[in-house]
Amino acid sequence: AASSMLAGMGLSDGQIVGASYVRLVREFAARTEARWNDVADRVEQMLRGELDEFDVEVAGVPRERRHWHQVVGRALGGPHAGLVISHRDITDRKYAEAANLRHALLDPLTGLANRVQLISELDAAIRRPDRSDSAAVVLVGLDRFRAVNERIGHHQADRVLIEVGRRLQRAS
């Protein structure tokens with residue numbers, strides 16, 4: 001069980017068997033993602049009896065794509081009764097969440113911020129206590145675009161919108 005649990009951290013059986021979980025996690029944090037230190041800290045708190053459980057989501061070893069783990073710890077009783085640590089691969093869920101967020105905030109055709117994202121960013125800029133950064137809003141209207149759409153067809157008109165989006169992004 002130990003090897004399958006920590007294999008997602010890029011460790012071999014020889015590195016795992018007989019090793020301190022906290023030491024392995026701290027070494028992994030030094031090589032990859034510092035947030036893994038939160039896992040080690042919480043395990044140490046559990047071993048001292050200061051914490052009964054924890055649930056942390058952390059990035060794992062980047063392979064073809066970044067991997068994510070949910071690490072859950074549960075105390076079995078008092079401070080020296082033991083604890084159970086489980087790792088679960090939540091990579092697919094994290095990528096789905098990121099895709100959902102992109103779909104919610106970006107125009108699917110141009111990739112530019114949609115109205116929801118624009119309002120959110122403007123609100124954040126207005127509420128920022130230190131407004132030393134300047135902000136500007138540029139409204140672009142494509143006059144008579146419906147006629148263009150009807151004349152050259154939806155597919156070609158979409159390509160025009162995509163190019164307008166690219167140019168706006170380059171200009172910003």
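Up top is the structure these notes are about.
Residues numbered from 1 in each chain as written. Predicted model: local features only at pLDDT ≥ 70, side-chain atom pairs only at ≥ 80, totals over all residues. Heavy atoms only, no water.

Draft legend 1. Structural context of the overall build of the protein. A count of helical and extended segments in the protein gives eight helices and three strands. Counting helices and strands in the order they occur from the N terminus, the protein gives α-α-α-α-β-β-β-α-α-α-α. Across the 172 residues of the protein, 24% fall into the buried class. In the protein, the share of contacts with a sequence separation of at least 24, taken over all contacts with a separation of at least 6, comes to 31%. Looking at the protein as shown, the accessible area adds up to about 12,000 Å², and 52% of this sits on carbon and sulfur atoms. (Helix = DSSP H or I, 4+ residues; strand = E, 2+ residues; numbered from the N terminus. Buried < 20%, exposed > 50% of the residue type's maximum accessible area, 1.4 Å probe, protein only. Contact = heavy atoms within 4.5 Å. Areas by Shrake-Rupley, 256 points an atom, 1.4 Å probe, with all protein chains shown as cover.)

Draft legend 2. Region of the structure containing the sheet that holds strand E3 (residues 83-89). The three strands are arranged E1-E2-E3 in an open sheet whose pairing can be described as antiparallel. On the outer flanks of this sheet lie strand E1 (53-59) and E3, each paired with one strand and no other. Adjacent strand axes in the sheet meet at a mean angle of 15°, parallel and antiparallel pairs treated alike. Relative to strand E2 (residues 68-75), E1 runs antiparallel, the two sharing seven bridges. Its bridge partner lying in E2, Ala-59 is registered against Trp-68. (Pairing = 2+ DSSP bridges. Axes fitted to C-alpha atoms, helices over the stretch in contact; angles between N-to-C directions.)

Draft legend 3. Local environment of the packing of aromatic side chains. Under the definition given, this model contains one aromatic pair. Here the aromatic rings of Phe-28 and Trp-36 are separated by 5.1 Å at their centres, their planes lie at 85°, and the arrangement is edge-to-face. For Phe-28, a relative accessible area of 1% translates into the label buried. Since its relative accessible area comes to 0%, Trp-36 is described here as buried. Lys-94 extends its terminal NZ or CZ atom over the ring of Trp-68, reaching a point 4.8 Å from the ring centre. (Phe/Tyr/Trp six-rings, centres within 6.5 Å; stacked < 30°, edge-to-face > 60°. Lys NZ or Arg CZ within 6 Å of the ring centre and 35° of its normal.)

Draft legend 4. Just the packing of helix H3 (residues 21-31) against helix H4 (residues 36-47), in detail. The geometry of H3 relative to H4 is characterised by a closest axis approach of 8 Å and an angle of 160° between their N-to-C directions. Classified by the angle between their axes, H3 and H4 sit roughly antiparallel to one another. In the packing of H3 onto H4, the handedness of the crossing is left-handed. For the pair H3 and H4, the contacting residues are Tyr-21, Val-22, Val-25, Arg-26, Phe-28 and Ala-29 in the first and Trp-36, Asn-37, Val-39, Ala-40, Asp-41, Val-43 and Glu-44 in the second. Across the contact of H3 with H4, the residue classes tally to nine nonpolar, one polar and three charged. (Parallel < 35°, antiparallel > 145°, perpendicular 65-115°, else oblique. Left-handed = near helix turned anticlockwise from the far one by under 90°. Nonpolar A, V, L, I, M, F, W, Y, C, P; charged D, E, K, R; others polar.)

Draft legend 5. Region of the structure containing the environment of Leu-109. Mapping Leu-109 onto the fold places it in the loop between helix H5 (91-105) and helix H6 (115-127). Expressed as a C-alpha distance, the spacing of Leu-109 and Gly-165, which sit 56 residues apart in the sequence, is 8.9 Å. When sequence neighbours within four positions are dropped, the list of residues in contact with Leu-109 reads Asp-158, Leu-161 and Ile-162.

Draft legend 6. Structural context of unusual backbone geometry. Phi is positive for Arg-144, which is not a glycine, with a value near 55°. For Arg-144, the location among the structural elements is in the loop between H6 and helix H7 (145-152). Taking the relative accessible area as the measure of exposure, Arg-144 reaches 69% and is therefore exposed.

Draft legend 7. Representation of the nonpolar core. Tyr-21, Trp-36, Val-39, Val-43, Phe-54 and Val-71 are the most contacted members of the largest nonpolar core, which totals 15 residues. Where this core is concerned, the elements lending two or more residues are H3, H4 and E1. Setting aside chain neighbours within four positions, we find Val-43 in contact with Tyr-21, Val-22, Phe-54, Leu-83 and Ile-85. (Core = buried A, V, L, I, M, F, W, Y, C linked by side-chain atoms within 4.5 Å.)

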